[in-house]
Every structure is written in structure tokens, then in C-alpha cells.
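# Structure at a glance
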Amino acid sequence: MKKYLLLYIFALLAADLSAQCERRWSTELSRQGDTEIFSISPAGDGYQIFGTFTDSIALDSVVFVSNGGRDVFLAVADSSGKLQRTVCFGGGGDEIPAMVMASDSTLTIGGLITCRDGKQTGSMFVRTYDNELKEKLDIDIPYIGKVKLDIVNITSDAILIGGSLKGTVKSGSLCINSEDTEHAFVIRCSSDGKHIDSWCSAGTGRHRLHSIDVDGERIALLLSAADGTFVTDMLSVTSLERGVLMLSLDGDLSPQWVSSARCSGYVESSKMFHTSSGTLASMNFSGELKTADSTFLSTGSLSSLILCYGNDGSVLWANKLDGGYCRIIDMACSDSLSVCTGYFLDVLTMNGDTICRSSARQAFLLCFDKNGRLIWSTSVDSNGSSIGRSVLVDGDEVVLCSSSRKTSPRNSDGITSLSDIITGNNISKFRLKADDNHLEDESSDDVEYWLDDALESMKNDDEGFMSISTFPNPTSYKVYWCTDGIRVSTLEIYDVKGLLVSRRNLGGQTAGEVDMSQLTSGAYVFMFISKNETHTLEIIKN
């Protein structure tokens, strides 16, 4: 059955908080198969639309057919919404984009190409396009083992590619090897794609790179670490069971300082940026989180923390977001302010002060000045639940991309009809008043698509609407898990033969831990069961 994605853009009409929104244009993307829009970003007087598809997709009058697996599409629309240029790329495997970055003259996409035959081989790709969507650069770096490409950062004279690997990356003079455990890496290429140098972490622990930012000759890295030591040149962090690391490199990729935040429970890195006042890093955690100078306690099932580091690695200021459940997903900065978005459940507080409340999972947007003081905040109402996905600062405007969902309960047979599920991607624009930095206006763009097929069963739905993070995986002792706010009633653990190993009544938890020390080594399936949905994950016990 043919499906459609409808893209709407609205304009601001007035300069007060009660302003109404006017729909400026809408366009339709027809599709066969699965299509997902990853980002919509400004491009000159129009917009760039970036996503993936299977089977086929019709962009304006042009129909693109997948080469097999999942392919990538790019489209440029003018200010009236008419698609001007489109391009697609892909091979026989799955193209899995990790990031997209747009500048005035260049669009950059980075990701992985994975084999569909089960082999642990593939390649990292970076492609850049001009405003006419003509390809400027194509970097392809093969790997063996497991690789996660997280970051691509482009400066005036270099391209930084970062991620984590357990295996080998080798191309020309480039060779990075980490066979025993997962380590973080950075590859620097020249503007024409030639390899210059690289950096890779070492030690007994597992390290994953989450963010890179460049400020002149300074390169800042945000990593998560677990299960051992972190070593890089003359700097090291010992006995780190779980935590977050901030690492500063100079122009030669030589480490300058490292700062750690140790956690007693679950922790995940979020985003990191250079600003005029320091380097901002955000993370989400449960339990107790310790820096060199401070200790932070999560009062809900998940809390968020924003830290501002000085040039020597010391913490200049900190803001803790808390309540029933809170997760930061994205941040953006300008010279004078920083913003963050994500979602919360029940209540959202900052440093103990209540900001807003909601009975459903709700997207939030917070704006801070350069000293960390809250300028304004807002939550994004929706008919159901909402999540803040990405945010950018454009002059005196803040643009938020969020998604919303409303799901009907299952019937007595445990079946949910997808015709009862409404999912939308929304773009909201906020403008700051010049006099007091107050929120002036808002508009909402709705990208809605309706799924009208019936789902026979959701018992083993790996692509359900519940999202669960686990860490570490593989593990030799405990595994920590955290949902996106969905309350889990039951956890069932199965071995590779499908035999039930354990069943636990969780009573509506949104985060927790599982002790696997008594289980034999191998693969296990964790089935998380909530009121309306089920989600399965594979966990490896070493």
C-alpha cells in the first residue's frame, strides 16, 4: 500500500506569546516501504530534507528505487516548498547514516555501510554535497569487526571522523587496531579526503566517543567509559567502572587534559560544544555522579547534568535537571546562549526549582546564558507524548524538531492496530526578544504520516515504540537499562534456545540493573514488557 509523508511549514504572524501560526506550504513524499526523515535544515532561502528509505520513494516527479537494503535520499525545497533538487545513494547493503551537517555551501553526511550477509565487514562513509547536490567528496574507510561512527566534524582545512571500534580500521597508511575491547578513535583527513593522522584510546576499559567539537587548535572529545582504565599518552583514569570523560586534544591530536565524572548507576553521554565561556557537556544518569569537586544525586529514575569546563578542565558551573524522569537529547550554542532539548515525565526541575509539569512524556526546551542562568523554558504540548529530537540556534531564533505519538491500548488478544497510532515530526520556531531575552513567538510545523496496516502480533517486536538503552553490552557482571520514559512491568530473560531463564516483576520501573554474574557466558534475550508494548534486546554475557 502506498503511504505518504506530509511536510508542513508555518510562519510567525505576531510578536507576542499568543500569536497564531499560518501554514506557509506543504509537500508530499509518497513511498513504498519504510521511509524515515532524519533532519530538515535551512539551506539558503529554502530547506534541505535528509532521510532513508527502502523499496522506493517518489520525490516530486522523480521516483527512486532502492539498490537493496536501506538507501539515503537528499532533497532541497525552495521557500514555497517545491522540491528543486534530489539525489539518492546506496548499494546492496544497508546505508546507516550517523549524522548530517549543513553549512552555507556544503551538506555533509556520515555513516556506515553494513553487509547484509551477516559478516562483520563494512565501511565508514563520508559524503559532501554542494547546494546543487553535486557530490564534492566521497570518503570510504573499510573496517573488520564492530565499528560505530558517531561524529564527523569539518573545519576549514580538515575532516574529523570519530567513533568506537572493536576490530581493525585500515586504509592506505591508516591502521587502527583494538581487538580486545571497544575503544574510541578519531581519524583526521585533509579537505580532499586524504588521511593525515589518527588517535585511539587505550586501557582495559571500554570507551565510546559521543561528541567532537573544534575551536581553533583545540579539539574536545566527550566519551563514555566503563569496566577498567582509560589511557592516552601521559594521561590516564584508573578503576572507572562507569562514567563520562571530557578529553582535550591539541592540534596534533595530543591530549592536554582529561576530566572524569564517575557514576554509581546508569550513565550516558549526550552532547558537547565549545562556547566563548568554556566547553559545555551534557549527560544523563541515575544514582550518584561524582566529578573532581562535586557530587550529584538523581532524585528520579533518570536525571540530566550540564557541565561547563574551563580551559584547564575545571568545572565552572553545573545545572542538574531532575524530577520523575528527564533525558537531554540535543544541545546547541551561540556566543551568548545555549539551548537543550529532550523530554521529561511528571515534573521537570533544575537545581531543585520546578520548571514545568506534565502527566505524559513531554518535550522541553531550555535556554541558558553564558553563565548557566536559565533565560526561559517551555514544554511542547501534543495530543499524547512528545520528545525533543534536535535543536539549533539561528541568530535570535531557536528552532526545535520534536516528535509526537499517540498509541491506543492492545485488545484482549494483545494486538494493536497501527491505524490507531499517530506519529508526527514537528518543527517549532521560537524568537527571543532583544530587550530581555524573553520568548516572543512560536510556530509549529507538522510532518504527519499515518500507518494503516494491521499488526498481527507485537510479542517480539524489535521495532516497537519503546526505546531502551543498555550499558555495558557485552558485560561480565551487571547490565544497566533505561527506557525513554515508558514504565516496564515485567522483564523476561531467555537463553539462545528460547528457554526462560528469569522473570522479574518490575512494577513500572523506567530504569534498573540486572546482575548476570551467575549466568553462563553467551547470548541472552531481554524482553521488556509494558502495558501496551514489548521490546526485545540481545545482551552478551562474557
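Remember, it's a predicted structure, so these values are computed and weren't measured experimentally.

## Considerations on the overall build of the protein
From N to C terminus, the protein includes zero helices and 39 strands. A separation of at least 24 residues holds for 48% of the contacts in the protein among residues at least 6 apart in sequence. Total accessible area on the protein is roughly 23,300 Å²; 46% of this is exposed by carbon and sulfur atoms.

## As for the pairing of strand E17 (residues 218-232)
A regular strand places its side chains on the two faces of the sheet in alternate fashion. Counting buried positions along E17 yields 11 of 15 residues, so the element is predominantly enclosed. Note that strand E16 (residues 206-215) and E17 share nine bridges and pair antiparallel. Paired with Arg 208 across the two strands is Ser 224, which belongs to E17. Hairpin connection of E16 to E17: two residues between the antiparallel strands, including Gly 216 at a positive phi of 65 degrees.

## Details of the nonpolar core
Judged by nonpolar contacts, the single largest core of 20 residues is most densely connected at Met 124, Ile 141, Val 147, Ile 161, Val 169 and Ile 187. Residue assignment for this core shows that the elements contributing at least two residues are strand E11 (121-129), strand E12 (135-154), strand E13 (158-171) and strand E14 (174-190). In terms of residue count, the dominant contributor to this core is E12 (seven residues). Apart from the residues within four sequence positions on either side, Ile 141 is in contact with Ser 123, Met 124, Ile 161, Val 169, Ser 171, Leu 174 and Ile 187. In this structure, Ala 184, Leu 247, Leu 249 and Leu 253 belong to the second largest nonpolar core, which totals 19 residues.

## Some details on the packing of aromatic side chains
Counted by the stated rule, this structure contains six aromatic pairs. When the centroid spacing of 5.2 Å and the interplanar angle of 55 degrees are considered together, the rings of Trp 481 and Phe 528 count as tilted. Of the two residues, Trp 481 is situated in strand E34 (residues 478-483) and Phe 528 in strand E38 (residues 522-530); the sequence distance between them amounts to 47 residues. Note on Phe 528: relative accessible area 0%, which makes it buried. Through a chain of ring-to-ring contacts, the aromatic side chains of Trp 481, Phe 526 and Phe 528 assemble into a single cluster. Sitting over the ring of Phe 89, Arg 127 keeps its end group 4.4 Å from the ring centre.

## What to know about the sheet that holds strand E37 (residues 511-515)
If you walk across this open sheet you meet the three strands as E33-E34-E37, and the pairing is antiparallel. Both outer strands of the open sheet, strand E33 (468-471) and E37, are each paired with one neighbouring strand and no more. The mean angle between the axes of side-by-side strands here comes to 20 degrees, regardless of whether they run parallel or antiparallel. In this sheet, E37 lies alongside E34 in antiparallel orientation, the contact comprising five bridges. In the sheet register, Val 479 faces E37, and the bridge partner there is Val 514.

## Observations regarding the sheet that holds strand E36 (residues 500-509)
Strand pairing in a sheet takes place through backbone hydrogen bonds and is either antiparallel or parallel in direction. Spatially, the four strands line up as an open sheet ordered E36-E35-E38-E39, and their pairing is antiparallel. The strands lining the two open edges of the sheet, one partner per strand, are E36 and strand E39 (534-541). For this sheet the average axis-to-axis angle between neighbouring strands, irrespective of direction, equals 20 degrees. Across six bridges, the pairing between strand E35 (residues 488-494) and E38 is antiparallel. Residue pairing in the sheet places Thr 490 in a bridge with Ile 529 of E38.

## A few points about the confidence of the model for the protein
When pLDDT drops low, the exact placement of atoms in the prediction is not to be read closely. A residue-level look at the protein finds 76% of positions with pLDDT of 70 or above and a mean pLDDT of 75. Here residues 1-23 scores under 50 on pLDDT; set against residues more than four positions off or in separate chains, the count is 86 contacts. Overall, residues 434-465 carries pLDDT values under 50, and its contacts beyond four positions in sequence, including any with other chains, amount to 108 contacts.

## Points about the environment of Ala 75
The residue Ala 75 is located in strand E7 (residues 71-77) in this model. Residue Ala 75 is classed as buried on the basis of its relative accessible area, which comes to 2%. Considered as a pair, Ala 75 and Leu 59 are 16 residues apart in the sequence and their alpha carbons are 7.7 Å apart.

## Re empty space enclosed by the protein
By the definition in use, this model includes three cavities of 30 Å³ or more. Reported here for the largest cavity is a volume of approximately 70 Å³. Lining the largest cavity are Thr 275, Ser 276, Ser 277, Leu 280, Trp 317, Ser 334, Asp 335, Ser 336, Leu 337, Ser 338, Asp 369 and Lys 370. A breakdown of the residues in the lining of the largest cavity according to their chemical character gives three nonpolar, six polar and three charged.

## Describing the side chain of Ser 190
By the element assignment, Ser 190 lies in strand E14. Here Ser 190 is in contact with Asp 157, Ala 158, Ile 159 and Ile 196, once residues within four sequence places are set aside.

## Focus: the pattern of salt bridges
For side chains of opposite charge, pairing can occur when their charged atoms come near one another. Taken as a whole and assessed by the stated rule, the structure comprises 14 salt bridges. One salt bridge connects Glu 135 with Arg 127, and the closest N-O pair in it is separated by 3.6 Å. Classification of Glu 135 by relative accessible area gives partly exposed; the value is 45%. Two residues, Glu 182 and Arg 206, come together in a salt bridge whose shortest N-O distance is 3.3 Å. Of this pair, Glu 182 sits in strand E14 while Arg 206 sits in strand E16, and the two are 24 residues apart along the sequence. Since its relative accessible area comes to 12%, Glu 182 is described here as buried. Here the residues in one salt-bridge network are Arg 127, Glu 135 and Asp 138, joined through shared partners.

Rules behind the numbers
- Residues numbered from 1 in each chain as written.
- Predicted model: local features only at pLDDT ≥ 70, side-chain atom pairs only at ≥ 80, totals over all residues.
- Heavy atoms only, no water.
- Helix = DSSP H or I, 4+ residues; strand = E, 2+ residues; numbered from the N terminus.
- Contact = heavy atoms within 4.5 Å.
- Areas by Shrake-Rupley, 256 points an atom, 1.4 Å probe, with all protein chains shown as cover.
- Buried < 20%, exposed > 50% of the residue type's maximum accessible area, 1.4 Å probe, protein only.
- Pairing = 2+ DSSP bridges.
- Core = buried A, V, L, I, M, F, W, Y, C linked by side-chain atoms within 4.5 Å.
- Phe/Tyr/Trp six-rings, centres within 6.5 Å; stacked < 30°, edge-to-face > 60°.
- Lys NZ or Arg CZ within 6 Å of the ring centre and 35° of its normal.
- Axes fitted to C-alpha atoms, helices over the stretch in contact; angles between N-to-C directions.
- pLDDT = per-residue confidence, 0-100.
- 1 Å grid on protein atoms, 1.4 Å probe; cavity = no way out; pocket = protein on both sides within 12 Å on 5 of 7 lines; lining within 4 Å.
- Points joined across faces, edges and corners; volume = space filled by probe spheres on them.
- Nonpolar A, V, L, I, M, F, W, Y, C, P; charged D, E, K, R; others polar.
- Salt bridge = Lys/Arg side-chain N within 4 Å of Asp/Glu carboxyl O.

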